[in-house]
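Commentary on secondary and tertiary structure
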Amino acid sequence: MTSLDIKLRKVNKVYREGDMVSGVVVVQSKTEVPHSGVTLTMEGSVNLQLSAKSVGLFEAFYNSLKPIQLINYTIDVAKPGKLPNGRTEIPFEIPLKTKGNKPLYETYHGVFVNIQYLLKVDMKRSLLNKDLQKQCEFIVEYKEQKEKVAPKKATFSITPDTLQNIKEKHIVPNFEVRGRLDSTICRLSDPFTGELVVDSSVAPIKSIEVQLVRVETCGCAEGYAKDATEIQNIQVADGDVCRGMAIPIYMIFPRLFTCPTLTTSNFKVEFEINIVIVFTDDHLVTENFPVTLLRF
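Residues numbered from 1 in each chain as written. Predicted model: local features only at pLDDT ≥ 70, side-chain atom pairs only at ≥ 80, totals over all residues. Heavy atoms only, no water.

Take the side chain of Arg125 next. Assignment of secondary structure puts Arg125 in the loop between strand 10 (113-123) and strand 11 (132-140). A distance of 2.9 Å separates the side chain of Arg125 from the backbone oxygen of Lys130, its partner in a polar contact. Ignoring any residue separated from it by four or fewer positions in sequence, one finds Arg125 in contact with Thr2, Val33, Pro34, Ser36, Lys130, Asp131 and Leu132. (Helix = DSSP H or I, 4+ residues; strand = E, 2+ residues; numbered from the N terminus. Polar contact = N/O pair within 3.5 Å; in protein donor to acceptor, adjacent residues only side chain to side chain. Contact = heavy atoms within 4.5 Å.)

Put into structure tokens, the structure is as follows:
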């Protein structure tokens, strides 16, 4: 039994454009391994897909939804021959550079937009032995900007009168919640912070939550499909909280499921924060704040 693996030198597997991605291809076998060559391929691509509600709306979507190739680069790591029994480590170095003038985007695992970078190793063997393949994902991040971005504070006051898209406002219990977000321009490596205060509420409160939402847009000139999905939901208050008491907001942006806000001709990845107040009768109200994520 012969096994194939890829071990990167960087434990965190995080690289930036222009870096050299290095490591070893590990071959393990109890017997000698004849082969017809070992190759290593670096691939980077953006995969787009439509939500169920958008399928069939635009025929043109199907042409625009082909994967966008960012990197495709193959090197030989071993010429045809034989590898000894036991463990063999074959070193490799491969530059992280784009195909043509295309920019590199950060790694991002979304629902309808997926940006992924892979290393694939292939060992060709004779007809009697099956070819071996192994792949491993590595993470691409933007280089941090040298200039700092000034925070953009946002204050809010939520009452029945400020709520949007609610037809029967008279059934919403009378309440007032005010607060602030320390910045709607957010550094990905820093927590999202702020605070809120329940000044009054006729109905008892069951829960207050902070929700992080991704808004993914796929499409082309003929039309766009836009879908919002929840990434994470953090409860900041449980039960009927004290009136007039400041409640801190603190949220860490999850790795891979967030990336710097991105706008291209074929797709967009944007983010929003929702402040959600749930009353004991399970009636809930939401205040929405678009946020810009950056790496600086």
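With respect to topology, three strands assemble into an open sheet ordered 1-3-8, the strand pairing being antiparallel. With partners counted over all chains shown, the strands left at the sheet margins are strand 1 (2-8) and strand 8 (86-95), one partner each. Between one strand and the next, the sheet's axes are offset by a mean angle of 20 degrees, whatever the strand orientation. Here strand 3 (residues 20-29) runs beside strand 8; their pairing, made up of ten bridges, is antiparallel. Residue Val27 lies in a different strand from strand 8, and its bridge partner there is Thr88. (Pairing = 2+ DSSP bridges. Axes fitted to C-alpha atoms, helices over the stretch in contact; angles between N-to-C directions.)

The next point concerns the domain arrangement of the chain. You'll often see interface size given as the accessible area lost when the parts meet. As far as domains go, the chain holds domain 1 (2-141) and domain 2 (152-294). Measuring from the centre of the C-alpha atoms in domain 1 to the corresponding centre in domain 2 gives 37 Å. Together, the buried faces of domain 1 and domain 2 total about 2,000 Å²; carbon and sulfur atoms form 69% of this surface. Across the domain 1-domain 2 interface, the total number found is zero salt bridges. Linking domain 1 with domain 2 are five residue pairs in polar contact (both at pLDDT 80 or more). Looking at the side of domain 1 that touches domain 2, the elements that each hand over two or more residues are strand 5 (38-48), helix 1 (61-64), strand 9 (108-109) and strand 10. Across the side of domain 1 that touches domain 2, the residue classes break down as 16 nonpolar, eight polar and two charged. (Domains from an automatic or database assignment. Buried area = accessible area lost by both parts, 1.4 Å probe. Salt bridge = Lys/Arg side-chain N within 4 Å of Asp/Glu carboxyl O. Nonpolar A, V, L, I, M, F, W, Y, C, P; charged D, E, K, R; others polar.)

Moving on to the state of the cysteines. Counting across every chain of the model gives zero disulfides. The cysteine Cys259 is free of any disulfide, with Cys218 supplying the nearest cysteine sulfur at 13 Å. According to the relative accessible area criterion, Cys259 is buried, its value standing at 1%. (Disulfide = S-S within 2.5 Å. Buried < 20%, exposed > 50% of the residue type's maximum accessible area, 1.4 Å probe, protein only.)

Turning our attention to the pairing of strand 20 (residues 267-279). The element strand 20 is largely enclosed, with a buried count of ten among its 13 residues. With two bridges joining them, strand 19 (residues 262-263) and strand 20 adopt antiparallel strand pairing. Following the sheet pairing, Leu262 is matched in strand 20 by Val269. Connecting the antiparallel pair strand 19 and strand 20 is a turn made up of three residues. Of the strand pairs in this sheet, strand 20 and strand 21 (residues 284-294) are connected by eight bridges, and their pairing is antiparallel. Of the residues in strand 21, the one forming a bridge with Glu272 is Pro290.

Turning next to the pattern of salt bridges. Counted according to the given criterion, the structure contains 15 salt bridges. Between Glu32 and Lys82 there is a salt bridge; the shortest N-O distance is 3.8 Å. Separated by 50 residues along the polypeptide, Glu32 in the loop between strand 3 and strand 4 (33-35) and Lys82 in strand 7 (residues 81-83) bring together distant segments of the chain. A relative accessible area of 58% places Lys82 in the exposed class.

Here the focus is the nonpolar core. Counting residues in each nonpolar core, the largest one holds 79 residues, and the members touching the most others are Ile115, Leu119 and Phe267. Here this core takes seven residues from strand 20, the largest share from any one element. For this core, the two domains that each supply at least three residues are domain 1 (2-141) and domain 2 (152-294). With residues up to four places along the chain from it excluded, the contact list for Ile115 reads Ser45, Val46, Leu70, Tyr105, Glu106, Thr107, Tyr108, His109, Leu262 and Phe267. (Core = buried A, V, L, I, M, F, W, Y, C linked by side-chain atoms within 4.5 Å.)

The phi torsion of most residues other than glycine is negative, and most of the peptide bonds are trans. Despite not being glycine, Lys13 has its phi angle at roughly 60 degrees, a positive value. Among the structural elements, Lys13 can be located in the loop between strand 1 and strand 2 (14-15). Phi at Leu256 is positive, roughly 75 degrees, even though this residue is not glycine. For Leu256, the position within the fold is in the loop between strand 18 (246-251) and strand 19. For Leu256, a relative accessible area of 24% translates into the label partly exposed.

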